[in-house]
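# Analysis of the macromolecular model
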Amino acid sequence: MYAVFKREIFSLLNSLMAYITIGVFLLVSGLLLWFFPDTSILEYGYAELNGFFNLTPFLFMFLIPAITMRSFAEERREGTYILLASRPLTDWQIILAKYFACLLLILFALLPTLLYYYTIVQLGMPKGNIDGGAVAGSYIGLLLLGGAFAAIGVFSSSVTKNQVIAFAVSVFISFIVYSGFDAMSKIFALGLLEDVFIWLSVNAHFQSMSRGVLDTRDLVYFISFTLLFLGATKLVIGGRKW
């Protein structure tokens, strides 16, 4: 499993797409947070990173599918999965190796954004006037959200050999689970279905963690959500005649 994980990491790091997507993510988030007047932290005047944490999930909807779309789709297109499957590896080991490689790349994309936190700490009046607990909870929420979107991306890549289709399917599913369920809860406001859609919404659980409170219900939700799509990936590749 480690050999497959290392192979995936080197493959991603040797791919221009990974650097482009991470670069675009950092460029867009930096411009929106520091330069554009309507969203600039400097114009807002408060020592907080709520704008960044509200923006990042929507950037993740495109960043993560661009990273994960090649996971299985490229293997199918080039016919190399047969060689991989002939190794003494289980389906779960292959899936998890690819998943954790994508997750590590997402972590690499988030690490430079810690500079935003340091900058806000220095600019605060008095210095350090920022809710560190909320920031820590939001970063943990982003990692869990990134893990959930990565699971969706790996699943989408397993159902097709076309990387563009895998990207589009992943973006669509990610949008539905993040924003679609919220919209549905408003349609069925004041009814039983409202609570159901709110509980299903990824956004609701992410916003809960962004307040700095690590509720076990949110952790269980994200872990269960991730395992659901990884399990679906196992069903897809386990039932296919490669």
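If you're wondering where the values come from, they're calculated on a predicted model, not measured in any experiment. Think of each chain on its own: its residues are numbered from 1, step by step along the sequence as written. Where totals are concerned, whole chains, interfaces and linings use all residues; where local detail is concerned, this predicted model gives features only for residues with pLDDT of at least 70, and gives and counts side-chain atom pairs only at 80 or more. Excluded from the side-chain calculations are hydrogens and water; all other atoms, namely the structure's heavy atoms, are used.

### With respect to the overall build of the chain
In plain terms, the rule: Numbering goes from the N terminus for both helices and strands, where a helix is a DSSP run of H or I of at least four residues and a strand is a run of E of at least two. Between buried and exposed lies partly exposed: a residue is buried under 20% and exposed over 50% of the maximum accessible area for its type, with that area taken using a 1.4 Å probe on protein chains only. Each accessible area value is a Shrake-Rupley result obtained with a 1.4 Å probe; residue values ignore everything except the protein chains displayed when judging cover. In this tally, Lys and Arg are treated as positive and Asp and Glu as negative; His is ignored, and so are the chain termini. Just so you know, the charge point we use is NZ for Lys, CZ for Arg, CG for Asp and CD for Glu.
Scanning the chain from N- to C-terminus turns up 13 helices and zero strands. Going from N to C terminus, the chain has its helices and strands arranged as α-α-α-α-α-α-α-α-α-α-α-α-α. With the C-alpha coordinates aligned to their principal axes, the bounding extent of the chain is approximately 60 × 45 × 30 Å. Scored against the burial criterion, the 242 residues of the chain give a buried share of 46%. Element-wise, carbon and sulfur atoms account for 70% of the exposed surface of the chain, whose accessible area totals about 12,400 Å². Between the averaged position of the 15 positive side-chain charges in the chain and that of its 14 negative side-chain charges there is a distance of 15 Å.

### Notes on the pattern of salt bridges
The criterion, for reference: Salt bridge, as used here, is a side-chain nitrogen of Lys or Arg placed within 4 Å of a carboxyl oxygen of Asp or Glu.
Enumeration over the complete set of coordinates arrives at three salt bridges. For Glu8, the salt bridge identified is with Arg7, shortest N-O distance 3.1 Å. For Lys234, the salt bridge identified is with Asp91, shortest N-O distance 4.0 Å. With Lys234 in helix 13 (residues 216-238) and Asp91 in helix 7 (residues 91-110), this pair connects stretches of sequence that are 143 residues apart. For Asp91, a relative accessible area of 22% puts it in the partly exposed group. Among the ionic contacts, a cluster of salt bridges with common partners joins Arg7, Glu8 and Lys98.

### Observations regarding the nonpolar core
Let me state the cut-off plainly: Working definition of a nonpolar core: buried Ala, Val, Leu, Ile, Met, Phe, Trp, Tyr and Cys residues. They are joined through side-chain atoms within 4.5 Å.
In terms of nonpolar packing, the biggest core is built from 59 residues, with Phe60, Leu145 and Phe149 touching the most fellow members. Counting residues per element, this core draws most heavily on helix 9 (residues 132-158), which supplies eleven residues.

### Some words on the environment of Ser11
Take Ser11: it is sitting in helix 1 (residues 2-13). Judged by its relative accessible area of 25%, Ser11 falls in the partly exposed class. Taking the C-alpha atoms as reference points, Ser11 and Ala101, separated by 90 residues in sequence, lie 9.7 Å from one another.

### A look at the packing of aromatic side chains
Note the following rule: Aromatic contacts are taken between Phe, Tyr and Trp rings whose centres are within 6.5 Å, Trp giving its six-membered ring; a plane angle under 30 degrees counts as stacked, one over 60 as edge-to-face, and the others as tilted. Definition used: whenever NZ (Lys) or CZ (Arg) falls within 6 Å of the ring centre and also within 35 degrees of the ring normal, the charge is taken to sit over that ring.
Tallied over the full model, the rule gives 14 aromatic pairs. Ring geometry for Trp199 versus Tyr221: centroids 5.8 Å apart, planes at 80 degrees, classification edge-to-face. Taken together, the residues span a long stretch of sequence, with Trp199 in helix 11 (residues 192-200) and Tyr221 in helix 13 at a distance of 22 residues. Overall, the relative accessible area of 7% leaves Tyr221 in the buried class. Taken together, the ring pairs in this structure connect Phe155, Trp199, Tyr221, Phe222, Phe225 and Phe229 into an aromatic cluster. Lying over the aromatic face of Phe72, Lys98 brings its terminal NZ or CZ to 5.2 Å of the ring centre.

### Thoughts on the side chain of Asp218
The criterion, for reference: Two residues qualify as a contact provided that any one of their heavy atoms is within 4.5 Å of a heavy atom in the partner residue.
Among the secondary structure elements, Asp218 is positioned in helix 13. Of the side chains bearing the opposite charge, Arg217 lies closest to the buried Asp218, which forms no salt bridge; the N-O distance is 6.2 Å. If sequence neighbours within four positions are ignored, Asp218 has contacts with His205, Ser208 and Met209.

### Re the packing of helix 9 against helix 12 (residues 202-210)
Convention followed: Where helices are involved, their axes are fitted lines through C-alpha atoms of the stretch in contact, as for all axes, and angles between N-to-C directions lie from 0 to 180°. Oblique is the label for any angle not covered by the other classes, which are roughly parallel (under 35 degrees), roughly antiparallel (over 145) and roughly perpendicular (65 to 115).
The N-to-C vectors of helix 9 and helix 12 enclose an angle of 150 degrees; their axes lie 7 Å apart at closest approach. With respect to helix 12, the axis of helix 9 lies roughly antiparallel. Along its contact with helix 9, which presents Ala134, Gly137, Ser138, Ile140, Gly141, Leu142, Leu144 and Leu145, the element helix 12 presents Val202, Phe206, Met209 and Ser210.

### A short note on a nonpolar patch on the surface
To keep things clear, this is the line we draw: What makes a patch is a set of residues exposed beyond 30% relative accessible area and free of salt bridges, joined within 9 Å when like-charged and within 5 Å when nonpolar (Val, Leu, Ile, Met, Phe, Trp, Tyr).
A contiguous nonpolar patch, built from Leu16, Met17, Tyr19, Ile20 and Val24 and spanning about 490 Å² of accessible area, is present on the exposed surface. The residue Leu16 is located in helix 2 (residues 16-34) in this model.

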